[in-house]
Each structure stands twice: as structure tokens, then as C-alpha cells.
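Residue-level listing of the chains:
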Amino acid sequence: MWIGVVSLFPEMFEAITRHGVTGRAVERGLLELAFWNPRDYATDRHRTVDDRPYGGGPGMLMKVDTLRGALAEARAGAESAGHRPSVIYLSPQGRRLDQAGARELATRDGLIVVAGRYEGIDERVVEADIDEEWSIGDYVLSGGELPAMVMIDALAREVPGVLGHSDSASEDSFADGLLDCPHYTRPEVIDGHRVPDVLLSGNHELIRRWRLKQSLGRTWLRRPDMLESRTLDREQRKLLDEFIDEHAA
Ligand SMILES: c1cc(-c2cnc[nH]2)ccn1
């Protein structure tokens, strides 16, 4: 998947281009990131990239001409790579990113992701140049780079071939709308606390049912809202009822 990034700090993205699942996806050509820095489109001696807000008040905005210069080149880059990308702006005013949203974004014919800095960007640029605003949560950060990396990491895992058999996405509970079950690894006992016997049994069907029951139970306890929008099948209903009975006991 082709992703163009407009950012004043492209070097931040080494966190995903040089490490882990996303780093390997880039190496294998399954994920392609290209960067355009508004500072490269500054024409003044100080290479200015911010500007004062009309109406006064604290803080600055991204300078319009340098931002739009980078955006125009990113569009040209997408076109020459044969893509017709959606242009995404990361902001607290956007649609909340969740697993379904990541899955949807992974199907697009490329993305251009705009990472804002300062107090953000001119509203006329949002209206003219941005297709969709997306948020990773209700908090204000120092810029859009970390949210952009969170979004790219989440959608990259949905790109066919990115996750190998050793990765977990197929088991990822969020992938099926539940919280994840507890996980255990060596040693068998930590401070007197043993690994649940079922996980040592070698009985894969019992283990599958235990893990599903734990996911359902955890979701019921910690995120009941996720269950409201979900129809449980017969097995899931039975396992959750068992969990609730055991929890009440
Ligand atoms: C997306 C973007 C942001 C953000 C961008 N710049 C400051 N905060 C916060 C949450 N989700």
C-alpha cells in the first residue's frame, strides 16, 4: 500500500519504517511510504513554516503556502505512482479510529496523510484539500505525527501479506470485536502464580474455548459497550453466561 506523508518531522516515522512488522512490510515492498516536508517549500531566508492566526490568540498555524506546496507534490507523487489517494488529516475533530476504520483505510487506493503541527491548519485548506479527518482519541498532542504512525501501523496490519503466521492478527480480539484474552509464557510459575492448567493440556479445542470465554468475559467486565452492538452465537452466549456465573460466585 502506498502512503504519502506530509510532515515537518519525517525522521519521526523511522519508528515505523525501520522497526517491527511495519519495518518488514516496507522492506518487502508491501508498504511504501513517501515523505514531503513543508519546510522544503519555504521561500524565505528563515524557511518559515508557521504563521499567525487571524483574530489573535496564542499559538501559530501551519503556513498555508508551504503546506499546500508539499500537499501538491504529494498528490503528484501519488499520481506518478499510479494511485488515487484519499487525503487524510489527523485531528481531534476527526472520525475516531477503530479496527473497522483501519480495515477500511487499508482498502483505499493509497493515502496521503497530513500531520499537522502548532495549533493546526487553516480551515480553508481542510475544506479544499482534505478528504477525511481522523482522530486517535480525545486528547490534544504536540502534532499529528504520532497519530499518523498509529493509524499507519493499524492499517498496515490489515494489508494482505504483512502479518505472517507468527503474528497474531488472526487471533486479535479487536479483529472480532472483543478484548484480547490473557496470555502466558515461561516460566510456568511466577511468584507462586501458575499458568492456567488448560493452557498446558495440549487440548486445542479446550484451549480455544477457554480463550474465547476469557475474551468474552473481559469484554463484559471492561467494555460492555462492545457487546451491546454484537450478536453472540450459541457457543459465545453459553461461554459468557458461564463466565458471569463464575464471576458472581
Ligand atoms: C489525532 C490528532 C491529534 C492531534 C494532532 N495535533 C494535536 N493533536 C490528536 C488526536 N488524534
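Since the model is a prediction, treat every value here as computed from it, not as a measurement.

### Quick look at the nonpolar core
Logical step 1: With 27 residues, the main nonpolar core has I3, L31, L105, L111, M151, I152 and L155 as its most contacted residues.
Logical step 2: Broken down by secondary-structure element, the contributors of at least two residues to this core are β1 (2–6), α2 (20–27), β5 (86–96), α4 (99–105), β6 (111–114) and α6 (145–156).
Logical step 3: Among the elements that make up this core, the one with the highest residue count is α6 (six residues).

### Regarding the UniProt feature "binding site: S-adenosyl-L-methionine" (unreviewed entry) in the chain
Logical step 1: Within the UniProt annotation, "binding site: S-adenosyl-L-methionine" (unreviewed entry) is assigned to G116, I136, G137, D138, Y139, V140 and L141.
Logical step 2: Take G137: it is sitting in the loop between β7 (132–135) and α6.
Logical step 3: The class for G137 is buried, based on a relative accessible area of 6%.
Logical step 4: Mapped onto the elements of the fold, L141 is located in the loop between β7 and α6.

### Notes on the site of the ligand
Logical step 1: Within the structure, the ligand sits among 13 residues, and S91, I136, G137, Y139 and L141 are positioned closest to it.
Logical step 2: Between the ligand and the protein, one listed contact pairs a nitrogen atom with a backbone N or O atom of L141 at 2.9 Å.
Logical step 3: Of all elements in the fold, only β5 and β7 reach the threshold of two or more residues within the shell around the ligand.
Logical step 4: Residue contributions to the shell around the ligand peak at three residues, all from β5.
Logical step 5: Partitioned by chemical class, the residues of the shell around the ligand number eight nonpolar, five polar and no charged.

### Some remarks on the environment of M62
Logical step 1: Here M62 shows up in strand β4 (residues 61–62).
Logical step 2: For the pair M62 and E119, spaced 57 residues apart in the sequence, the C-alpha separation amounts to 7.7 Å.
Logical step 3: Apart from the residues lying within four places of it in its own chain, the contact partners of M62 are L8, P38, V49, D50, L67, A115, G116, R117, Y118, G120 and I121.

### A few points about the sheet that holds strand β2 (residues 32–36)
Logical step 1: Read across the open sheet, the five strands follow the order β2-β1-β6-β5-β7; overall the sheet is parallel. In this open sheet, the two edge strands, each paired with only one partner strand, are β2 and β7. Sheet twist, expressed as the mean angle between neighbouring strand axes with direction ignored, is 35°.
Logical step 2: Note: β1 against β2, five bridges, orientation parallel. Opposite G4, over in β2, you have A34 as the bridge partner.
Logical step 3: Strand contacts of helix α3 (residues 64–80): β1, β2, β5 and β6, with the helix running at about 170° to β1, the strand carrying the most contacts.
Logical step 4: Of the strands in this sheet, β1, β2, β5, β6 and β7 are in contact with α6, which crosses β5 at around 110°.

Rules and cut-offs
- Residues numbered from 1 in each chain as written.
- Predicted model: local features only at pLDDT ≥ 70, side-chain atom pairs only at ≥ 80, totals over all residues.
- Heavy atoms only, no water.
- Core = buried A, V, L, I, M, F, W, Y, C linked by side-chain atoms within 4.5 Å.
- Buried < 20%, exposed > 50% of the residue type's maximum accessible area, 1.4 Å probe, protein only.
- Helix = DSSP H or I, 4+ residues; strand = E, 2+ residues; numbered from the N terminus.
- UniProt positions renumbered as here; feature names shortened; annotations may be inferred.
- Near = heavy atom within 4 Å.
- Polar contact = N/O pair within 3.5 Å; in protein donor to acceptor, adjacent residues only side chain to side chain.
- Nonpolar A, V, L, I, M, F, W, Y, C, P; charged D, E, K, R; others polar.
- Contact = heavy atoms within 4.5 Å.
- Pairing = 2+ DSSP bridges.
- Axes fitted to C-alpha atoms, helices over the stretch in contact; angles between N-to-C directions.

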